Amino acid sequence: LEDRPLVHLVEREIDRCRRVRIARVVEPVQMHRAASPVIDDRLDLTAGQRPPGPAAVVHQQNEDVGQPEQAGHRGGLGPIGLLSIPLVRRKGAAHIYAANRSRGKRTDLARLYGADSVIVTGETPVEAISFWRGGVDRALVSASASAVLETLPVMNYGGIIAFIGIEYGPGAALTFDANEFHFRKLQLRASHASPALYFPTCLQLLKDGHVNGEAIISHVMPLERIVEAMTLLRDSRSEVLKIVIKP
């Protein structure tokens, strides 16, 4: 990327939001030259392809106000979920629970990234866990919509769930007890990191070594093997983290 402000990129994102009739968009930000996402010698280009993941995490955490005493990451430990672990630690979380449906490279990396407890939900349901303080104060759900329903029962009073996930078909509809949700003062916040305002912050985190971008990449494959890569991602999720495709 060239060393220039990102105002034009922000304006393009805002224009896209307006075209799809998003009611409220962020106004253009006059970014300082130093905030431009410049790839330098400290950041390998492969790792530099990671900003969309961290950007979604930063936006997701911005939906979660305050300094949580504990944070529970519920849902699949994909790149977004895994990258949330070191970032919520930096934000002040005292105890981090990382949850995934099966064991494998993702649960191993969750521990490497600093999760205090790793829950394999295919073996132990979340509701059966004895949480440190009875439940969790904040949850970052980066899985399908059904994971939101599995998270609600373990939230502490006043807890906040930030959700980023896509579901198609009947599973996209959620039904839960609105009275319980109300009287427990819970909050459910959607995270959709657009416009892409967080790229400079994420690149800086990668360059400074606060987030290990290399660890999230399990495979690097050429473009001509993209069908093989997609099949591998679909069929071997316990052994695949992030696949980088190089043209």
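For the structure itself, look to the data block above.
What you see is a predicted model; the values in this text were computed from it and never measured.

S.K.: How should the overall build of the chain be read in this particular structure?
M.R.: Check the secondary structure of the chain and you find nine helices and eight strands. Expressed as a percentage of its 247 residues, the buried residues of the chain come to 45%. The contacts in the chain between residues at least 6 apart in sequence include a share of 68% that link residues at least 24 apart. Approximately 13300 Å² of the chain is accessible, and the part contributed by carbon and sulfur atoms is 54%.

S.K.: I tried to follow the packing of aromatic side chains on my own but got confused; where do I start?
M.R.: Two aromatic rings, taken as a pair, are described by how far apart their centres are and by the angle between their planes. One pass over the structure, following the stated rule, counts two aromatic pairs. Taking the centre distance of 4.7 Å and the plane angle of 75° together, the rings of tyrosine 97 and phenylalanine 131 count as edge-to-face. Here tyrosine 97, found in strand E2 (residues 96-100), pairs with phenylalanine 131, found in the loop between strand E3 (117-120) and strand E4 (136-141); they are 34 residues apart in sequence, far enough to count as distant. Ring centres of phenylalanine 176 and phenylalanine 181 lie 5.2 Å apart, and the angle between their planes is 45°; this geometry places the pair in the tilted category. By relative accessible area, phenylalanine 176 is classed as partly exposed at 35%.

S.K.: Help me understand a nonpolar patch on the surface, please; the structure alone is not making it clear to me.
M.R.: Together, Leu223, Ile226, Val227 and Met230 give the surface a local cluster of nonpolar side chains, amounting to about 380 Å² of exposed area. On the secondary structure map, isoleucine 226 appears in helix H9 (residues 226-235).

S.K.: Whenever I open this one, the environment of leucine 232 confuses me. Can you help?
M.R.: Checked against the element boundaries, leucine 232 lands in helix H9. Taking C-alpha positions, leucine 232 is 9.2 Å from isoleucine 243, a pair spaced eleven residues apart along the chain. When near neighbours in sequence (up to four residues on either side) are disregarded, leucine 232 contacts His219, Arg237, Val240 and Ile243.

S.K.: Honestly, the nonpolar core in this entry has me stumped. Any pointers?
M.R.: Most often, soluble globular proteins keep nonpolar side chains buried together rather than apart. Leu82, Ile85, Ala110 and Tyr113 are the most contacted members of the largest nonpolar core, which has 23 residues in total. For this core, the elements supplying multiple residues, two or more each, are helix H4 (79-91), E2, helix H5 (105-113) and helix H8 (199-207). Broken down by element, the residue count for this core peaks at five residues, all from H4.

S.K.: Please clarify how the pairing of E4 should be interpreted in this entry.
M.R.: Strand residues, when the strand is regular, have side chains that alternate between the two faces of the sheet. Burial within E4 is extensive, with six of its six residues counted as buried. Two elements, E4 and strand E5 (residues 155-163), share five bridges in a ladder whose sense is parallel. Looking at the pairing, valine 141 lines up with phenylalanine 163 of E5.

S.K.: Would you take a moment to explain the environment of leucine 223 for this structure?
M.R.: Among the structural elements, leucine 223 can be located in the loop between strand E7 (217-222) and H9. Taking the relative accessible area as the measure of exposure, leucine 223 reaches 44% and is therefore partly exposed. Residues leucine 223 and lysine 246, spaced 23 residues apart in sequence, show a C-alpha to C-alpha distance of 5.6 Å. In this structure leucine 223 touches Ile245, Lys246 and Pro247, once residues within four positions along its chain are discounted.

Basis of the calculations
- Residues numbered from 1 in each chain as written.
- Predicted model: local features only at pLDDT ≥ 70, side-chain atom pairs only at ≥ 80, totals over all residues.
- Heavy atoms only, no water.
- Helix = DSSP H or I, 4+ residues; strand = E, 2+ residues; numbered from the N terminus.
- Buried < 20%, exposed > 50% of the residue type's maximum accessible area, 1.4 Å probe, protein only.
- Contact = heavy atoms within 4.5 Å.
- Areas by Shrake-Rupley, 256 points an atom, 1.4 Å probe, with all protein chains shown as cover.
- Phe/Tyr/Trp six-rings, centres within 6.5 Å; stacked < 30°, edge-to-face > 60°.
- Patch = residues over 30% accessible without salt bridge, like charges linked within 9 Å, V, L, I, M, F, W, Y side chains within 5 Å.
- Salt bridge = Lys/Arg side-chain N within 4 Å of Asp/Glu carboxyl O.
- Core = buried A, V, L, I, M, F, W, Y, C linked by side-chain atoms within 4.5 Å.
- Pairing = 2+ DSSP bridges.

Functional significance is not addressed by these values, which are geometric in nature.
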